[in-house]
Amino acid sequence: MSRETSLFSGRPSELVGQQIAGYRIEQEIGRGGMAVVYRARDLRLERTVALKLLAPELARNDTFRRRFTHESRAAAAIDHPHIVPVFEAGETDGVLYIAMRFVAGSDLRHLLDREGPLPPATAVRVAAQVASALDAAHDHGLVHRDVKPGNILVSRGTDSDHPEHVYLTDFGLTKKSLSLTGFTTVGQFVGTLDYVAPEQISGRPVDARCDVYGLACVVYEILAGHPPFLRDDDMALLWAHQYDDPPPLTEARPDLPPQVDPVFAKALAKRPDDRYPSCLDFVAALRAAAAGGGVVTGAAPARAGRQPGEERPKPPPRWAEPVFVERA
Ligand SMILES: Nc1ncnc2c1ncn2[C@@H]1O[C@H](COP(=O)(O)OP(=O)(O)O)[C@@H](O)[C@H]1O
Ligand SMILES: [Mg+2]
């Protein structure tokens, strides 16, 4: 089949209103390093789906084509309440696509940009859901390797006990456990280096504990408002992941009990052997530590940069309140 894409040669916005493989494209809803994701209408089943298309500039690159196909299989292999269900994947007119459940709400990147740090109870709830998805992937012998806020989707939950339902997505970098990683693979580290484990950087074998590290970086950011390491350039950031101790979380969140600091120190240990063995073990320790000081509810702290006494732009989300805003 020709790799020239007549459908998908120009700007992605040109696709709105077009039909691809029985899906009518309605609106762009997100993009990452590899793909553009649209809200689309499944014309056969008359339902809304998320349609992920391999970015046109990557569609001629075999590495990305393989990765994209691999993604649909990896995600579809795991049936889990916190992993976005894949409905169908294929290729039409040179365009590779994945149709999956449309998650109304927001990804965690946008949520954190909008809300700032979240209250501890919200953070623990979100962390637990992502952790259960990651542990399920690990049970299938898969390592996600790209745990970051942009790959976590937050939607409305079922009731006030479960105010949000969280999905892990983007299995594009998923690998079989214990496979080697490194910078040699084309475009592996497209995007952010804020959540990358030391063994991913140095090209040592990765297993579930690589995702424990990534998850801990994300949860640290949910609570602190920034990831564990802040450096001016990528090389310094890579160095920090490999050799520097993360600053104690309580420096950014003095409202949290000191017991949380050793939990992050362990989850962010340089050696995988020194970390929690699973993501849910990490979250269980975090939950206990956060409760240890009796602080499980309450408002998020002020955002960095606000002057004392300055009006808050808007009230912080109360922890029992859903923290997402639905897309228009
Ligand atoms: N099923 C979905 N429902 C709603 N939005 C989604 C869905 N999948 C992805 N998105 C949005 O699209 C963005 C990019 O998707 P992602 O799968 O992470 O692509 P990439 O591989 O390019 O990083 C996500 O950060 C999210 O905002
Ligand atoms: Mg992504």
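Conventions we followed
Residues numbered from 1 in each chain as written. Chains lettered and ligands numbered in written order. Predicted model: local features only at pLDDT ≥ 70, side-chain atom pairs only at ≥ 80, totals over all residues. Helix = DSSP H or I, 4+ residues; strand = E, 2+ residues; numbered from the N terminus. Expected span 1.5 Å × (residues − 1). Buried ≥ 20, exposed ≤ 12 C-beta atoms within 10 Å, placed from the backbone. Contact = placed C-beta atoms within 7 Å. Pairing = 2+ DSSP bridges. Near = placed C-beta within 6 Å. Nonpolar A, V, L, I, M, F, W, Y, C, P; charged D, E, K, R; others polar. Domains from an automatic or database assignment. UniProt positions renumbered as here; feature names shortened; annotations may be inferred.

**Describing helix 1 (residues 62-77)**
Since the α-helix advances by 3.6 residues per turn, residues separated by three or four positions end up pointing in the same direction.
Stage number 1. With 16 residues, helix 1 should reach 22 Å at 1.5 Å per residue; the first-to-last C-alpha distance of 22 Å fits that figure.
Stage number 2. Those residues of helix 1 not exposed but buried are Phe64, Arg67, Phe68, Glu71, Ser72, Ala74 and Ala75.
Stage number 3. Looking at the buried positions of helix 1, the neighbouring elements they touch are strand 4 (47-54), strand 5 (86-92), strand 6 (95-101) and strand 8 (142-143).

**A short note on the sheet that holds strand 4**
Stage number 1. What the six strands build is an open sheet, ordered 1-2-3-4-6-5; its pairing is antiparallel. The outermost strands of the open sheet, each flanked by one partner alone, are strand 1 (19-20) and strand 5.
Stage number 2. As defined by bridge partners, strand 4 adjoins strand 6 across five bridges and the pair is classed as antiparallel. Note that in strand 6 the partner of Val49 across the bridge is Arg101.

**Quick word on the site of ligand 1**
Stage number 1. Neighbouring ligand 1 are 22 residues; Gly30, Gly32, Val37, Ala50 and Asp170 lie closest to it.
Stage number 2. Where the shell around ligand 1 is concerned, the elements lending two or more residues are strand 2 (23-31), strand 3 (35-42), strand 4 and strand 6.
Stage number 3. The greatest single-element share of the shell around ligand 1, amounting to three residues, is contributed by strand 2.
Stage number 4. The class makeup of the residues in the shell around ligand 1 is ten nonpolar, seven polar and five charged.
Stage number 5. Both domains that meet at the shell around ligand 1, namely domain 1 (7-101) and domain 2 (106-292), each give it at least three residues.

**Section: the pairing of strand 5**
Stage number 1. When strand 5 meets strand 6, the two strands line up antiparallel, connected through six bridges. Each residue of the ladder has a partner; that of Val86, found in strand 6, is Met100.
Stage number 2. The loop that links strand 5 with its antiparallel partner strand 6 comprises two residues; one of these, Asp93, has a positive phi angle of about 50°.

**Brief notes about helix 3 (residues 120-139)**
Stage number 1. Helix length check: helix 3 (20 residues) gives 28 Å between terminal C-alpha atoms against 28 Å at 1.5 Å per residue, within 8%.
Stage number 2. Of all 20 residues that make up helix 3, 17 are buried, and the element is covered over most of its length.
Stage number 3. Where helix 3 terminates, the next one or two residues include Gly141, which has phi positive at roughly 75°.

**Digging into the environment of Ile222**
Stage number 1. Of note, Ile222 is situated in helix 5 (residues 208-224).
Stage number 2. Here the alpha-carbon distance between Ile222 and Val126, two residues 96 residues apart in the chain, equals 9.3 Å.
Stage number 3. Aside from chain neighbours lying at most four places away, what touches Ile222 is Leu112, Pro117, Leu118, Ala123 and Val126.

**Focus: the UniProt feature "binding site: ATP" (unreviewed entry) in the protein chain**
Stage number 1. Taking the UniProt record as the reference, the feature "binding site: ATP" (unreviewed entry) is found at Lys52.
Stage number 2. Assignment of secondary structure puts Lys52 in strand 4.
Stage number 3. Classification of Lys52 as buried rests on a count of 30 C-beta atoms within 10 Å.
Stage number 4. If near-sequence neighbours (up to four positions away) are discounted, Lys52 is found in contact with Ala35, Val37, Tyr97, Ile98 and Met100.

**Thoughts on the sheet that holds strand 7 (residues 106-107)**
Adjacent strands of a sheet pair through backbone hydrogen bonds, lying either parallel or antiparallel.
Stage number 1. Taken in spatial order, the three strands make up an open sheet running 7-9-10, and their pairing is antiparallel. In this open sheet, the two strands that pair with only one neighbour each are strand 7 and strand 10 (162-168).
Stage number 2. As defined by bridge partners, strand 9 (residues 152-159) adjoins strand 10 across six bridges and the pair is classed as antiparallel. Within the sheet, the bridge partner assigned to Arg156 lies in strand 10 and is Glu164.

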